[in-house]
Structure formats: C-alpha cells, structure tokens
Amino acid sequence: MSRAALLVLADGRFPAGGHAHSGGAEQAVKAGRITGAASLEDFCRGRLHTTGLVAASLAAAAALGVDAVALDEAADARTPSPALRVAARKLGRQLMRAARATWPSAELDDLARRFPKGAHQPVVLGVAARAAGLGAVDAAHCAAYESVSGPASATVRLLSLDPFEATAVLARLAPESDRVADRAVEAARRVVDGGIDELPAGSAPLLEIGAEVHAAWAVRLFAS
Amino acid sequence: MTVAAGVRALARIVARDDGRGGTSLPVLEGDGPLALRRTRGSGAEARVVLVGAMSGPLGGDHFTVEADVEAGARLRVGSAAATIALPGQSKSEARYDVRLTVADGGELHWLPEQLISARGSDLYVTTRVDVGAAGRLVLREEQVLGRVGEEPGRLSSRIRVGVAGRVVLDQELACGPGAPGGWDGPAGLGGHRAVGQLVVVRPEFAEAPVAARVLGENAAVVPLAGPAALVSAVAADALRLRRQLDEALAALESLD
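Residues numbered from 1 in each chain as written. Chains lettered and ligands numbered in written order. Predicted model: local features only at pLDDT ≥ 70, side-chain atom pairs only at ≥ 80, totals over all residues. Heavy atoms only, no water.

Focus on unusual backbone geometry
Rules: Helix and strand definitions here come from DSSP, where helices need a minimum of 4 consecutive H or I residues and strands a minimum of 2 consecutive E residues; each element is numbered from the N-terminal end. Burial status follows relative accessibility: with a 1.4 Å probe on protein chains alone, a residue under 20% of its type maximum counts as buried, one over 50% as exposed, and anything between as partly exposed.
Positioned with a positive phi, Ser160(A) is a non-glycine residue whose angle comes to about 50°. Checked against the element boundaries, Ser160(A) lands in the loop between helix 8 (136-159) and helix 9 (163-194). With phi around 50°, Ala164(B) is a residue other than glycine that occupies positive phi space. Along the chain, the position of Ala164(B) falls in the loop between strand 13 (154-163) and strand 14 (166-175). The exposure class assigned to Ala164(B) is exposed, which follows from its relative accessible area of 53%.

And the structure:
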C-alpha cells in the first residue's frame, strides 16, 4: 500500500463534492445548537460515534471485499432520513466519478454499473480504497475523519468560526476518531464471517430529524 | 460473596385467525415479572396487556417477550404501566429482548408504555421485528431518561425491522453515563429527556410511500427504504413525546 494514496483520498481537495455538505451543521447552527468551538466539538463527537462509526464500518467492509449491494442495503436501513439517503448517494456518485478517473478499476466500474444513481458514499469509499491499493484500516480512518471534518469546515463558513479553532476541534477529536476506526475495522471483520447484521447501527436523533428540517428549507447554503 | 443471578423471564403470545372473523390466542403465557392479560378486543382484533408483576428489569435480569401474529390475525398489545430500568444487586447489564413476527395478512399494534431509565441502571434493549410482505405493523418505542429530575442510567437500544426478508430499519441508540461521547450533544439528544419512534409497515407504502415531513423542529415523518414509515421525535418529557407521536400516528392513519 501507498501511504500517499491515503493522503490523496482523504484530502479535502479531492474532487468528490464533500464541500457542498455540512453534515447537519447548517441546521444545528440555525437551531442554535452549534454556537462556537465547544458545541461544534460536541456535535462532531456525537456524529463520530454514531453515523461516523457506521460509515467507517461500511467503508472498511467494502474495502475487505464484502458484497457492495448488501452493504448499500444496510446503509439504507441505517439511514432513515430520505434527505440523508439522497445526500449519501449523491456524494457516492461524485466520489465514484473522481475515483474512477484517479484509480481505474474493474470493481469501481462494476459498482458504478449497479448503482447508476450512486451507491452510499461510504460503500464507494471502501471500494475506491481497494482500487487505490489501500486497506480496510485506511478506509475506516478516512470515513471516520470525514464524519467530523465536513461539519467543522462548514461551521467555519456558517459561524465565521476561526479556522484555527475548528482545526483544533478536529485535533482534539483525533484520538477518538482513531478508536472509532479501530472499532469499525473489528466490526467489518465480523461482517465477513457473521454477516451484515454485525455492522454497527448507531443513530443520532437530532441529526436525522434535523436533516429533514433542513431539506424543507427554501434557501440553504449547503446541500445537507 | 455470592452474586445473585438475575431473573430470567419469558412471555409469549401467539395470535391466530379463529376462522370466524376474530383472533384467538392459543399461546398467552408469561412467567415471573412478565404477566399477560387478555382484555376486551374490538372487531377482529385481540387485545393483550403486559402487566409488570414486579419492578424491573434490574441489573442482571434478562426478559424476553415474543409475539407471533399468524396470517389473518390481528393483535394489539399494550402495557399497564411504564417499565422502569433500575439498578440491581448484580453490577451486570440487564437485557430486554422483544421478538415479533407478523405473517402475511396479519396485523400487529405494539404500543407499550414508556421505558424509563432510572439512575444507576444499565439496560440493553433489543427489538427485532419480521413482517411478511403483506403484513401490517404499528410499533411504538419511547425512552425516558431518568424519572423526574433524575439523572438517567445507561440505556442502549437496538431496533431492527425486516419486511419480506429485507431489513428496512436498523438503528441503535446509546444514552447515559458510559455511552459514547456526544449522545446528549447537538447531534444526539441536545438535552431532551425523551426520545421515541413509531414504525408503521403497510403493503400500500410500496406503491405510495408517505411524503417526508417535519412536525416542528423536533419530530419528522419519513418514508423508509421499503414499505414502511418512521416517525422520530425528541421531547423535553414523556408527556410531550407521547403527544407528538399520537399526532403523527393520527395523521398517518388518516391516510387510510
């Protein structure tokens, strides 16, 4: 494996469209639940341990070669908000386009054919990691980190939060992100033997409800 | 020192079409703290109330409730009072497992009272429902963190609903001391002390899914990826939560 390939995949400038999504931060800011660095950190921590762990587990399982259709179905069952399912597929399609151009692979082509409207983003991420010669651990770290980096950079724009403070939030969450990635890889390995129900299913009530509140707005800065 | 083993209890219900337009209950049995009573039903529907004969579950206890609704049968299950998870002498976690099946053409309304997580308790609840392709389900789940003014215990709950062999909902919620960080933060409960869900499965939703809509800032009705709808809500307390879920259910039932 190439360590630099992981940096390419995890780079915020990798053209996969993530910058257009706030991971629920836009609605939480408007509702007054995120008001600064401390509440951003608490928001990100909650996201990391719920949907972040689920995304990291899906990505790790996909990177291990678990059937992507079954993983995509499991992602649907773990994403009750239709606004979030649509966002995850849109992000999956955009990541697919970038990944196929970057690391051409038959597996990516096959996944793109099966899901013309996009598979859930973490599933695409896992298959892209495989195509890049990366492993389950890399895919899990990437997904776990993305689950917090998106809301953090969105909050810089939404609240004019000092970017140094937002980055410090991410740095403080780094040890927890590592633990979530480890748990995700363990879960993904259990999926290989024990089946898809072994995937974690952590949910965050206000993320789910907030996503629908956000989708009903006439004007928004971020797509989700 | 001897460690008191927790209580293991099982309650089982089988609901069957009696062939005369009603529903019979060939199996209706509960032991220990789980007692079942048949009450007057209406029309084709049989009604059962789960009566807690003791307090619990306490640490180390393991309760299981199973209901099988057979083809053409209609069953409504409620409970006489809220279930309170309490700390026990045993330091280990308590478990409460609910296993429900609804066959094609069967209908189950599973509407228990709240589950209250008292300070110092540690409970893991699992709810697993399998509904046949033409089965119908209304399931309510409400969790209240702490009695009035009380810190909650540790409460984890996982719900998994399958329809015609496909899982349409799989969610786990962990709250209270020792739960992963951020559970009460702006992504999790945001200080709310009651959280609940309603799952509605109907074959008609395959063709005509419900439209997603929000009910204020703290509740939403959404179509799941399958013939099912979910209402999710958080509220300051059990009463407000129930009001929100009742309103959402009435709105869904007015679609009939």
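Resuming the write-up.
Focus: the packing of aromatic side chains
Inclusion rule: Aromatic pairing here means that ring centres of Phe, Tyr or Trp (its six-membered ring) are within 6.5 Å. Orientation follows from the plane angle: under 30 degrees is stacked, over 60 is edge-to-face, and everything else is tilted. Sitting over a ring, as applied to charges here, requires NZ of Lys or CZ of Arg to be within 6 Å of the ring centre and within 35 degrees of the ring normal.
Taken as a whole, this structure holds two aromatic pairs over all chains when the rule is applied. Judged by centre distance (5.7 Å) and plane angle (20°), the ring pair of Phe14(A) and Trp103(A) falls under stacked. Placement of Phe14(A) in the loop between helix 1 (3-10) and helix 2 (25-30) and of Trp103(A) in the loop between helix 5 (82-102) and helix 6 (106-114) is noted, with a sequence separation of 89 residues between them. Judged on exposure class, the residue Phe14(A) and its partner Trp103(A) are both buried. An angle of 70° between the planes, with centres 5.6 Å apart, marks the rings of Phe63(B) and Tyr96(B) as edge-to-face. Taken as a pair, Phe63(B) in strand 5 (residues 62-69) and Tyr96(B) in strand 8 (residues 94-102) lie far apart in primary sequence, 33 residues in all. Judged by its relative accessible area of 3%, Phe63(B) is buried. We classify Tyr96(B) as buried; its relative accessible area is 9%. Directly above the ring of Trp217(A) sits Lys30(A), whose terminal nitrogen or CZ lies 4.4 Å from the centroid.

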